[in-house]
There are 2 protein chains.
Amino acid sequence: MTQKSRKNSKFSTEQSIAYLIRDLTRQFSRTLQKDIAPYGILLGQYHFLRVLWEQDGITQRELAMAVGMKESTTFTALAGMESLELVQRQRDVGDRRKMIVTLTPKGKKLESVLIPLAKAVNNKALQNFSDTETEQLRNLLGKLSHSLHTDDQ
Amino acid sequence: MTQKSRKNSKFSTEQSIAYLIRDLTRQFSRTLQKDIAPYGILLGQYHFLRVLWEQDGITQRELAMAVGMKESTTFTALAGMESLELVQRQRDVGDRRKMIVTLTPKGKKLESVLIPLAKAVNNKALQNFSDTETEQLRNLLGKLSHSLHTDDQ
DNA sequence: TGTTGACGATTAGATACCTAAGTAGTAGCG
DNA sequence: CGCTACTACTTAGGTATCTAATCGTCAACA
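What counts, and at which threshold
Residues numbered from 1 in each chain as written. Chains lettered and ligands numbered in written order. Predicted model: local features only at pLDDT ≥ 70, side-chain atom pairs only at ≥ 80, totals over all residues. Heavy atoms only, no water. Near = heavy atom within 4 Å. Polar contact = N/O pair within 3.5 Å; in protein donor to acceptor, adjacent residues only side chain to side chain. Helix = DSSP H or I, 4+ residues; strand = E, 2+ residues; numbered from the N terminus. Nonpolar A, V, L, I, M, F, W, Y, C, P; charged D, E, K, R; others polar. Least-squares fit on C-alpha atoms with pLDDT ≥ 70 in both. Contact = heavy atoms within 4.5 Å. Buried < 20%, exposed > 50% of the residue type's maximum accessible area, 1.4 Å probe, protein only. Expected span 1.5 Å × (residues − 1). Arc of directions from axis to C-beta. pLDDT = per-residue confidence, 0-100. Pairing = 2+ DSSP bridges. Axes fitted to C-alpha atoms, helices over the stretch in contact; angles between N-to-C directions.

S.K.: Break down the protein's contact with DNA strand D for me, citing the residues and quoting the values.
M.R.: Lining the immediate surroundings of DNA strand D are 24 residues, of which Gly44(A), Thr73(A), Arg96(A), Arg61(B) and Phe75(B) lie closest. In the interface set of DNA strand D, defined as its atoms within 4 Å of the protein, sugar plus phosphate atoms amount to 78%. Side-chain polar atom of Thr73(A) to a phosphate oxygen of DNA strand D: 2.6 Å apart, as the coordinates give it. In this structure, a phosphate oxygen belonging to DNA strand D sits 3.4 Å away from a side-chain N or O atom of Arg26(B). Secondary-structure elements contributing two or more residues to the surface near DNA strand D are α3 (43–54) and α5 (71–83) of chain A together with α2 (17–36), α4 (60–67), α5 (71–83) and β2 (87–91) of chain B. Of the residues assigned to the surface near DNA strand D, the class counts are five nonpolar, seven polar and twelve charged.

What follows is the structure, given as structure tokens:
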């Protein structure tokens, strides 16, 4: 290691928190993507399905909020999912601006197949973690997220 | 919260580690991207610059490895960086398959400008973390990454 | 009741990645 | 040598996001 890279341990190339997290995201994505691909589901679609399995019949905007994606991203994903007949979209009768998204039987059925795959990835990642460590990690990540969201500084 | 979403705390929509991490990556990316945009640098380019500032004159493949990106991604990023005159690429004389990447003065100068911006984002995220917590987080993330990489299970 | 502004969805266009399939150049071996 | 396999880069094409701009609908109020 060069002198340069040692001078700030909070930020060296290998160790910055941001880098570690970005790298982990890629690993998680690649892994889960490969697992669900055989079922014809794209990773970008899976995120939306996961929310719909718990809250069916919500609007596109609510879905976007729940998943944490922008509405344009949500729109694109749903368009693909509709053509695959995983979801159905209909205008809200009461407020025609809104688009209600509901799962088709095909979309519903996937829950029992895909959730275990996602759990497996999560469990593999956490295989050597005690419950305490898992909780610790979750708390630290939450704190990180909260700090990044604040507008001060 | 529905009964359903409560039944497995390790995996509910809001709390899965993979989701938290993916979300954090987006936050980090958006934040840093906005900060560096005024200098005409794209986030995807920044990652490569960061490595080059510490190890100038390496090959494209070495750079890809150091950054943790695929070579095709590296190639595209470098092409853009070359046209912005941030780096120069020349064939290795000894082995003409290799492409040596070196920073231009313009690329070098950016180090003193951009690194503080990246540090600021990191520090903002870690603003309420004690040194112990930071180290803890780093260790937990490293462990996570290691577990995901193993081929067993 | 007509105008204006907010809201929700959509479209357009860009960035950041990936996988898979080329294309050279190098090296090893019979 | 000359074939073959490997290495490094490149190209092609696709996915997952984003921001910014536009379009239809609704609501509020002068």
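There's more to say after this.
S.K.: Please set out the relation of the copies chain A and chain B residue by residue, giving values where relevant.
M.R.: Overlay of chain A on chain B (RMSD 0.1 Å): rotation 180°, translation along the axis 0.0 Å. Both chain copies can therefore be described as sitting about a two-fold axis. Looking at chain A, 99% of its interface residues are interface residues in chain B too, so the copies touch through the same face.

S.K.: Lay out the environment of Ser112(B) in plain terms, naming residues and giving numbers.
M.R.: All names here are of chain B. Among the secondary structure elements, serine 112 is positioned in helix α6 (residues 105–125). Residue serine 112 is classed as exposed on the basis of its relative accessible area of 58%. Considering only alpha carbons, one finds serine 112 and tryptophan 53, 59 residues apart in sequence, at a separation of 10.0 Å.

S.K.: I'd like a rundown of α5(A), residues and numbers included.
M.R.: Note on helix geometry: an α-helix contains 3.6 residues per turn, so any two residues three or four positions apart are oriented the same way. Residue and element names in this part refer to chain A. Here α5 spans 18 Å end to end across 13 residues, near enough to the 18 Å set by a 1.5 Å rise per residue. Where α5 is concerned, the buried positions are Thr74, Ala77, Leu78 and Met81. For α5, the angular spread of buried residues about the axis comes to 100°, placing them on one side. Away from the buried face of α5 by more than 90 degrees, exposed residues Ser72, Thr76 and Ser83 are located. Buried residues in α5 make contact with α3, α4 (60–67), β2 (87–91) and β3 (99–103).

S.K.: Which residues make up the confidence of the model for chain A, and what values do they have?
M.R.: Residues and elements named next belong to chain A. The predicted model of chain A has a mean per-residue pLDDT of 88, with 88% of residues at 70 or higher. Looking over chain A, one finds the lowest element-wise mean pLDDT in helix α1 (residues 3–6), namely 36, and the highest in β3, namely 98. Long-range and interchain partners of residues 1–14, a stretch whose pLDDT sits below 50, account for 29 contacts in this model, where long-range means more than four residues apart.

S.K.: Talk me through the sheet that holds β3(A); I want residue IDs and the actual numbers.
M.R.: Residue and element names in this part refer to chain A. Reading across from one edge, β1-β3-β2 is the order of the three strands in this open sheet, with antiparallel pairing throughout. In this open sheet, the two strands that pair with only one neighbour each are β1 (58–59) and β2. Across two bridges, the pairing between β1 and β3 is antiparallel. Considered in β3, the bridge of threonine 59 is made with isoleucine 100. In the packing of α5 onto the sheet, contacts are made with β2 and β3, and the angle to β2 comes to roughly 115°.

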